[in-house]
Amino acid sequence: SAVPVIRYFACRGRVEPLRLLFVEAGVTWKENSLTDPKDWAQEKGQTPFGSLPIVTVGDKQYTQTMAIIRHYANEHNFFGNDSEERLRADIMVEAVLDAQEKLASKYYWNPNWETDRKDVEEKLLPPLYENIQRFFKKDNQGPWVLGQTLSVADFMLWCFLDLMRPFVPGQLPKYQELAKFHQDFSTREKIAEYLHSDKRYKNHTITLSPVGGTPETSAQP
Ligand SMILES: N[C@@H](CCC(=O)N[C@@H](CS)C(=O)NCC(=O)O)C(=O)O
(Lines give C-alpha, C1' and ligand atoms only; values in the text may rest on other atoms or scores of the structure.)
Protein backbone atom coordinates (compact mmCIF):
# COMPACT_ATOMS: atom_id res chain seq x y z
CA SER A 1 0.00 0.00 0.00
CA ALA A 2 0.98 3.65 -0.52
CA VAL A 3 3.48 5.34 1.79
CA PRO A 4 2.04 8.19 3.90
CA VAL A 5 3.59 11.55 3.10
CA ILE A 6 3.53 14.19 5.83
CA ARG A 7 3.24 17.80 4.68
CA TYR A 8 4.18 19.95 7.66
CA PHE A 9 6.63 22.62 8.73
CA ALA A 10 10.20 21.36 9.14
CA CYS A 11 9.97 20.62 12.86
CA ARG A 12 8.62 18.23 15.50
CA GLY A 13 5.58 20.31 16.35
CA ARG A 14 2.21 18.68 16.66
CA VAL A 15 3.16 15.91 14.27
CA GLU A 16 5.79 14.27 16.46
CA PRO A 17 3.38 11.85 18.24
CA LEU A 18 2.31 10.58 14.81
CA ARG A 19 5.92 10.00 13.82
CA LEU A 20 6.50 8.01 17.02
CA LEU A 21 3.39 5.97 16.28
CA PHE A 22 4.68 5.23 12.78
CA VAL A 23 8.04 4.22 14.25
CA GLU A 24 6.44 1.78 16.70
CA ALA A 25 4.07 0.39 14.08
CA GLY A 26 6.89 -0.10 11.60
CA VAL A 27 5.24 2.20 9.07
CA THR A 28 7.59 3.78 6.54
CA TRP A 29 6.65 7.37 5.87
CA LYS A 30 8.01 10.32 3.95
CA GLU A 31 8.41 13.95 4.95
CA ASN A 32 7.51 16.68 2.51
CA SER A 33 8.48 19.54 4.79
CA LEU A 34 7.89 23.21 4.28
CA THR A 35 10.85 25.39 5.13
CA ASP A 36 10.09 28.67 3.39
CA PRO A 37 7.24 30.77 4.87
CA LYS A 38 6.69 32.22 1.37
CA ASP A 39 5.67 28.79 0.09
CA TRP A 40 3.16 28.55 2.91
CA ALA A 41 1.53 31.87 2.04
CA GLN A 42 0.86 30.43 -1.42
CA GLU A 43 -0.31 27.06 -0.24
CA LYS A 44 -2.48 27.99 2.73
CA GLY A 45 -5.55 28.87 0.68
CA GLN A 46 -5.50 25.51 -1.05
CA THR A 47 -5.53 23.46 2.15
CA PRO A 48 -8.86 22.22 3.61
CA PHE A 49 -8.58 24.27 6.84
CA GLY A 50 -5.75 26.69 6.12
CA SER A 51 -3.38 24.68 8.27
CA LEU A 52 -0.88 21.85 8.33
CA PRO A 53 -0.27 18.95 8.78
CA ILE A 54 -1.74 17.17 5.82
CA VAL A 55 -1.01 13.49 5.31
CA THR A 56 -1.35 12.16 1.78
CA VAL A 57 -1.71 8.43 1.17
CA GLY A 58 -2.10 7.57 -2.49
CA ASP A 59 -5.10 9.60 -3.64
CA LYS A 60 -6.36 10.21 -0.08
CA GLN A 61 -5.68 13.31 1.94
CA TYR A 62 -6.02 13.51 5.73
CA THR A 63 -6.09 16.69 7.80
CA GLN A 64 -6.53 17.67 11.47
CA THR A 65 -3.75 16.28 13.61
CA MET A 66 -5.76 14.46 16.25
CA ALA A 67 -8.08 12.93 13.67
CA ILE A 68 -5.04 11.63 11.82
CA ILE A 69 -3.38 10.35 14.99
CA ARG A 70 -6.56 8.61 16.16
CA HIS A 71 -7.04 7.09 12.71
CA TYR A 72 -3.60 5.52 12.76
CA ALA A 73 -4.01 4.52 16.42
CA ASN A 74 -7.12 2.58 15.35
CA GLU A 75 -5.37 1.03 12.37
CA HIS A 76 -2.38 -0.14 14.40
CA ASN A 77 -4.07 -1.17 17.64
CA PHE A 78 -2.87 1.68 19.79
CA PHE A 79 -6.23 2.29 21.43
CA GLY A 80 -6.37 -0.41 24.12
CA ASN A 81 -8.32 -3.63 24.08
CA ASP A 82 -11.86 -2.47 24.88
CA SER A 83 -13.91 0.72 25.12
CA GLU A 84 -13.01 1.17 28.79
CA GLU A 85 -9.31 1.24 27.88
CA ARG A 86 -10.04 3.48 24.94
CA LEU A 87 -11.75 5.86 27.34
CA ARG A 88 -8.73 5.91 29.64
CA ALA A 89 -6.38 6.53 26.73
CA ASP A 90 -8.61 9.33 25.47
CA ILE A 91 -8.81 10.98 28.89
CA MET A 92 -5.02 11.16 28.98
CA VAL A 93 -4.89 12.47 25.42
CA GLU A 94 -7.33 15.26 26.30
CA ALA A 95 -5.49 16.10 29.53
CA VAL A 96 -2.25 16.44 27.58
CA LEU A 97 -3.91 18.65 24.97
CA ASP A 98 -5.35 20.86 27.74
CA ALA A 99 -1.96 21.18 29.41
CA GLN A 100 -0.29 22.01 26.11
CA GLU A 101 -2.88 24.65 25.38
CA LYS A 102 -2.32 26.28 28.76
CA LEU A 103 1.44 26.35 28.33
CA ALA A 104 2.04 26.87 24.63
CA SER A 105 1.55 30.64 24.56
CA LYS A 106 4.10 30.95 27.38
CA TYR A 107 7.03 29.35 25.62
CA TYR A 108 6.36 29.48 21.88
CA TRP A 109 7.45 32.74 20.31
CA ASN A 110 7.13 34.52 23.65
CA PRO A 111 9.60 37.41 23.83
CA ASN A 112 9.05 37.53 27.61
CA TRP A 113 9.92 33.89 28.14
CA GLU A 114 12.79 34.59 30.52
CA THR A 115 10.47 36.56 32.84
CA ASP A 116 7.54 34.18 32.43
CA ARG A 117 9.69 31.14 33.10
CA LYS A 118 9.36 31.46 36.89
CA ASP A 119 5.60 31.64 36.63
CA VAL A 120 5.53 28.50 34.49
CA GLU A 121 7.87 26.59 36.80
CA GLU A 122 6.26 27.62 40.06
CA LYS A 123 2.58 28.10 39.29
CA LEU A 124 1.41 26.80 35.94
CA LEU A 125 3.28 23.58 35.48
CA PRO A 126 3.09 21.88 38.92
CA PRO A 127 -0.70 21.34 39.03
CA LEU A 128 -0.65 20.11 35.43
CA TYR A 129 2.09 17.55 36.09
CA GLU A 130 0.54 16.56 39.44
CA ASN A 131 -2.87 15.89 37.91
CA ILE A 132 -1.43 14.02 34.97
CA GLN A 133 0.77 11.92 37.24
CA ARG A 134 -2.13 11.12 39.58
CA PHE A 135 -4.21 9.96 36.64
CA PHE A 136 -1.29 7.96 35.25
CA LYS A 137 -0.87 6.11 38.57
CA LYS A 138 -4.57 5.45 39.18
CA ASP A 139 -5.19 1.67 39.13
CA ASN A 140 -2.07 1.32 37.04
CA GLN A 141 1.10 -0.68 37.58
CA GLY A 142 2.57 0.82 34.39
CA PRO A 143 4.80 1.08 32.59
CA TRP A 144 2.34 2.69 30.14
CA VAL A 145 -0.85 4.70 30.48
CA LEU A 146 -2.80 1.47 29.83
CA GLY A 147 -0.57 -0.73 31.94
CA GLN A 148 1.11 -3.24 29.66
CA THR A 149 -0.54 -1.98 26.47
CA LEU A 150 1.18 0.76 24.52
CA SER A 151 -1.36 3.29 23.22
CA VAL A 152 -1.89 6.64 21.59
CA ALA A 153 -1.90 8.17 25.09
CA ASP A 154 1.76 7.23 25.50
CA PHE A 155 2.81 8.92 22.27
CA MET A 156 0.96 12.08 23.30
CA LEU A 157 2.16 12.11 26.91
CA TRP A 158 5.77 11.38 26.01
CA CYS A 159 5.91 14.17 23.42
CA PHE A 160 4.45 16.64 25.88
CA LEU A 161 6.93 15.76 28.65
CA ASP A 162 9.79 15.75 26.19
CA LEU A 163 8.81 19.11 24.76
CA MET A 164 8.69 20.71 28.21
CA ARG A 165 12.01 19.27 29.36
CA PRO A 166 14.40 21.82 27.84
CA PHE A 167 12.13 24.74 28.74
CA VAL A 168 11.89 23.80 32.40
CA PRO A 169 14.92 21.64 33.06
CA GLY A 170 14.86 20.01 36.46
CA GLN A 171 11.06 19.77 36.66
CA LEU A 172 10.44 16.29 35.28
CA PRO A 173 12.68 14.48 37.80
CA LYS A 174 10.42 15.83 40.56
CA TYR A 175 7.60 13.69 39.22
CA GLN A 176 8.95 10.22 39.72
CA GLU A 177 6.37 8.21 37.80
CA LEU A 178 6.31 10.61 34.88
CA ALA A 179 10.10 10.67 34.77
CA LYS A 180 10.18 6.86 34.81
CA PHE A 181 7.59 6.74 32.04
CA HIS A 182 9.62 9.19 29.97
CA GLN A 183 12.73 7.10 30.47
CA ASP A 184 11.03 3.74 29.76
CA PHE A 185 9.48 5.03 26.57
CA SER A 186 12.72 6.65 25.39
CA THR A 187 14.53 3.34 25.70
CA ARG A 188 12.08 1.23 23.70
CA GLU A 189 14.14 -0.25 20.92
CA LYS A 190 12.59 1.34 17.84
CA ILE A 191 11.92 4.62 19.64
CA ALA A 192 15.50 4.91 20.85
CA GLU A 193 16.77 4.26 17.35
CA TYR A 194 14.53 6.99 15.96
CA LEU A 195 15.39 9.48 18.72
CA HIS A 196 19.06 9.15 17.92
CA SER A 197 18.63 9.20 14.16
CA ASP A 198 18.95 12.12 11.75
CA LYS A 199 15.34 11.53 10.84
CA ARG A 200 14.16 13.32 13.96
CA TYR A 201 13.95 17.09 13.68
CA LYS A 202 15.99 18.87 16.34
CA ASN A 203 13.64 21.82 16.62
CA HIS A 204 10.17 21.81 18.14
CA THR A 205 8.97 24.70 16.01
CA ILE A 206 10.17 26.55 12.99
CA THR A 207 12.68 29.31 13.60
CA LEU A 208 10.11 32.04 14.13
CA SER A 209 10.59 31.40 17.82
CA PRO A 210 12.43 34.13 19.76
CA VAL A 211 13.75 31.41 22.05
CA GLY A 212 15.54 30.29 18.92
CA GLY A 213 16.93 26.82 18.69
CA THR A 214 18.67 27.05 22.01
CA PRO A 215 16.47 26.03 24.95
CA GLU A 216 14.33 23.94 22.64
CA THR A 217 17.20 21.84 21.47
CA SER A 218 19.39 21.79 24.56
CA ALA A 219 18.01 18.57 25.96
CA GLN A 220 18.37 16.12 23.14
CA PRO A 221 17.84 12.54 24.22
N1 LIG B 1 -6.57 21.81 14.41
C2 LIG B 1 -5.47 21.79 13.48
C3 LIG B 1 -4.59 22.98 13.71
C4 LIG B 1 -3.40 22.95 12.84
C5 LIG B 1 -2.51 24.18 12.99
O6 LIG B 1 -2.86 25.17 13.64
N7 LIG B 1 -1.33 24.10 12.37
C8 LIG B 1 -0.39 25.17 12.41
C9 LIG B 1 1.00 24.65 12.56
S10 LIG B 1 1.26 23.73 14.04
C11 LIG B 1 -0.46 25.93 11.08
O12 LIG B 1 -0.77 25.37 10.06
N13 LIG B 1 -0.10 27.22 11.12
C14 LIG B 1 0.02 28.03 9.96
C15 LIG B 1 -1.18 28.88 9.70
O16 LIG B 1 -2.15 28.79 10.47
O17 LIG B 1 -1.14 29.63 8.73
C18 LIG B 1 -4.68 20.50 13.65
O19 LIG B 1 -4.56 20.05 14.78
O20 LIG B 1 -4.23 19.95 12.65
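None of these values were measured; they are calculated from a predicted model.

Conventions used here
Residues numbered from 1 in each chain as written. Predicted model: local features only at pLDDT ≥ 70, side-chain atom pairs only at ≥ 80, totals over all residues. Heavy atoms only, no water. UniProt positions renumbered as here; feature names shortened; annotations may be inferred. Helix = DSSP H or I, 4+ residues; strand = E, 2+ residues; numbered from the N terminus. Axes fitted to C-alpha atoms, helices over the stretch in contact; angles between N-to-C directions. Parallel < 35°, antiparallel > 145°, perpendicular 65-115°, else oblique. Contact = heavy atoms within 4.5 Å. Nonpolar A, V, L, I, M, F, W, Y, C, P; charged D, E, K, R; others polar. Buried < 20%, exposed > 50% of the residue type's maximum accessible area, 1.4 Å probe, protein only. Domains from an automatic or database assignment. Salt bridge = Lys/Arg side-chain N within 4 Å of Asp/Glu carboxyl O. Polar contact = N/O pair within 3.5 Å; in protein donor to acceptor, adjacent residues only side chain to side chain. Phe/Tyr/Trp six-rings, centres within 6.5 Å; stacked < 30°, edge-to-face > 60°. Lys NZ or Arg CZ within 6 Å of the ring centre and 35° of its normal. Arc of directions from axis to C-beta.

J.: Report on the UniProt feature "domain: GST C-terminal" (unreviewed entry) in the protein, specifying residues and quantitative values.
T.: Under the UniProt annotation, the feature "domain: GST C-terminal" (unreviewed entry) is placed at residues 82-205. For residues 82-205, helix accounts for 68% and strand for 0%, while the C-alpha atoms at its two ends are 35 Å apart.

J.: Report on the packing of helix H5 (residues 113-137) against helix H7 (residues 176-186), specifying residues and quantitative values.
T.: Two elements in contact, H5 and H7, have axes separated by 9 Å at closest approach and are oriented at 75°. If you check the angle between H5 and H7, you find them roughly perpendicular. Residues Tyr 129, Ile 132, Gln 133, Phe 136 and Lys 137 of H5 pack against Gln 176, Glu 177, Leu 178 and Phe 181 of H7. The residue inventory of the contact of H5 with H7, partitioned by class, reads 5 nonpolar, 2 polar and 2 charged.

J.: Break down the UniProt feature "domain: GST N-terminal" (unreviewed entry) in the protein for me, citing the residues and quoting the values.
T.: Using the residue numbers shown here, the UniProt feature "domain: GST N-terminal" (unreviewed entry) corresponds to residues 2-80. In residues 2-80, helix accounts for 35% and strand for 16%; the two terminal C-alpha atoms are 26 Å from one another.

J.: Explain the environment of Met 156 residue by residue, including any values.
T.: Locating Met 156 in the fold gives a position in helix H6 (residues 152-167). For Met 156, a relative accessible area of 5% corresponds to the buried category. Separated by 153 residues in the primary sequence, Met 156 and Val 3 place their C-alpha atoms 23 Å from one another. Leave out the neighbours within four places in its chain, and Met 156 touches Pro 17, Met 66, Ile 69, Val 93, Val 96 and Leu 97.

J.: Can you lay out the environment of His 182 for me, pointing to particular residues and giving the numbers?
T.: The residue His 182 is located in helix H7 in this model. With 23 residues separating them in the primary sequence, His 182 and Cys 159 have C-alpha atoms 9.0 Å apart. Ignoring sequence-local partners within four residues, the contact set of His 182 consists of Trp 158, Leu 161, Asp 162, Arg 165 and Leu 172.

J.: Can you explain the domain arrangement of the protein? Please cite residues and give values.
T.: According to the domain assignment, the protein contains domain 1 (5-76 + 195-215) and domain 2 (83-188). On a C-alpha basis, the centres of domain 1 and domain 2 stand 21 Å from each other. With 21 residues of domain 1 at the contact, the number on the domain 2 side is 24 residues. There are 4 salt bridges connecting domain 1 and domain 2. Remark: the boundary between domain 1 and domain 2 carries 5 residue pairs in polar contact (both at pLDDT 80 or more).

J.: Hey, could you go over the packing of aromatic side chains for me, with residue numbers and the actual values?
T.: One pass over the full model with this rule turns up 16 aromatic pairs. An aromatic cluster of three or more residues is present, and its members are Phe 78, Phe 136, Trp 144, Phe 155, Trp 158, Phe 181 and Phe 185. A cation over a ring is seen here: Arg 88 above Phe 135, with NZ or CZ 4.8 Å from the ring centre. Over the aromatic face of Trp 29 sits the side chain of Lys 199, whose NZ or CZ is 3.6 Å from the ring centroid.

J.: Let's hear about H7: which residues, and what values?
T.: Of the residues making up H7, those classed as buried are Leu 178, Phe 181, His 182, Phe 185 and Ser 186. Each buried residue of H7 sits inside an arc of 125° when the element is viewed along its axis, so together they form one side. Turned more than 90 degrees from where H7 packs its buried face, Gln 176 and Lys 180 sit exposed. If you follow the buried residues of H7, they end up packed against helix H1 (16-25), H5, H6 and helix H8 (189-195).

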